[in-house]
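Report on the structure
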Amino acid sequence: MADGASTTIDPAEVARFEKIAATWWDPKGPMKVLHRFNPVRLAYIRDEACRRFGRDPRSARSLEGLTILDVGCGGGVLSEPLARLGARVTGLDPAPTNVSVARLHAEQGGLAIDYRNETVEAVAARGETFDLVLAMEVVEHVADVPAFVAACGQAVKPGGALFMATLNRTLRSFALAIVGAEYVLGWLPRGTHEWEKFVTPEELAAALDGAGFTVTDQTGVAYNPLTGTWSLSRDMAVNYMLTAARR
């Protein structure tokens, strides 16, 4: 891994995702929940970005020309639709197999995405900056949340935005995201998440504040078992997303 800076990577987490890397694009495989969740997080990012940069979210190329850093991109499930909206996307992942899978799938789809097997700390150390930096479903897997948030913040251009999505550390999230999703329903491989590493909105806001950012929007995301779909919600007890801007 190319990395000339300190890292917040947790090796055990990387190894866990390496085992399931080849299944990223199987909508019925271990990542099926992510595929169902993807439309709502994509729409949230698009709409907030368009609001910030004065774009029309209904346009097929609403993110034309914007630079995006997708931290912890996995197999590229979010990077690809962002590229199709016109963004210039760079995807980072510490797991080599994830990057290989992402590159191959993007090439097959005719998409030019810069996938790298490196850390956000390395990108920040080089002084690279982007209009939008995304860390979606990543914070709960890192070794040092404040340090990770600070590195993500360093990669945001002046006037840009930082997007994060994670799991709240509540009894309900333990029941639904771990017991329910991993052990009862089998949506995710057992051991995908550690409840102790979930991050509350207050903790994440404090880390962002320490990095010089202010939360400008936040929303819960809820699952409807009757329709099998996800939607934005005022309830942030389990899944939530937020947008932050530099002060």
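Keep in mind the model is a prediction, meaning the values are calculated, not measured. (Residues numbered from 1 in each chain as written. Predicted model: local features only at pLDDT ≥ 70, side-chain atom pairs only at ≥ 80, totals over all residues. Heavy atoms only, no water.)

1. Here's the deal with the side chain of S62
Let me state the cut-off plainly: A run of DSSP states H or I qualifies as a helix once it reaches four residues; a run of E qualifies as a strand once it reaches two. Both are numbered from the N-terminal end. Here, residues are in contact when the closest pair of their heavy atoms is within 4.5 Å.
By the secondary structure assignment, S62 is in the loop between α2 (32–53) and β1 (67–71). If we skip the residues at most four places from it in the chain, S62 touches R46, C50, R55, D56, P57 and L85.

2. Considering the UniProt feature "binding site: S-adenosyl-L-methionine" (unreviewed entry) in the protein chain
Quick reminder of the rule: UniProt positions are given in the numbering used here, feature names are shortened, and annotations may be inferred rather than shown by experiment. We call a residue buried when its accessible area falls under 20% of the maximum for its residue type, exposed when it is over 50%, and partly exposed in between, using a 1.4 Å probe and counting protein chains only. Polar contacts, as used here, are pairs of N or O atoms within 3.5 Å; protein pairs need one atom able to donate a hydrogen and one able to accept it. Residues neighboring in sequence count only if both atoms are side-chain atoms.
Under the UniProt annotation, "binding site: S-adenosyl-L-methionine" (unreviewed entry) lies at R41, G72, D93 and M136. Turning to its location among the elements, G72 is positioned in the loop between β1 and α3 (79–84). A residue is classified by how much of its surface remains accessible, and G72, at 29% relative accessible area, is partly exposed. Once residues within four sequence positions are removed from consideration, G72 is found in contact with L92, D93 and V138. By the element assignment, D93 lies in the loop between β2 (88–92) and α4 (96–108). If sequence neighbours within four positions are ignored, D93 has contacts with G72, C73, G74, N98, V99, R116, N117 and E118. A polar contact of 2.9 Å, which involves the side chain of D93, links it to the backbone nitrogen of A95.

3. Thoughts on the pattern of salt bridges
So the rule is basically this: Salt bridge, as applied in this entry: a Lys or Arg side-chain nitrogen positioned within 4 Å of an Asp or Glu carboxyl oxygen.
Within this structure, the stated rule accounts for 15 salt bridges. Between E48 and R51 there is a salt bridge, with its nearest N and O atoms 2.3 Å apart. In this pair, E48 and R51 both sit in helix α2, three residues apart, roughly one turn of the helix. Taken together, the salt bridges that share partners define one network made up of D114, R116, E118, R126 and E128.

4. A word on the environment of R61
By the element assignment, R61 lies in the loop between α2 and β1. Separated by 24 residues in the primary sequence, R61 and L85 have C-alpha atoms spaced 4.4 Å apart. If sequence neighbours within four positions are ignored, R61 has contacts with A83, R84, L85 and G86.

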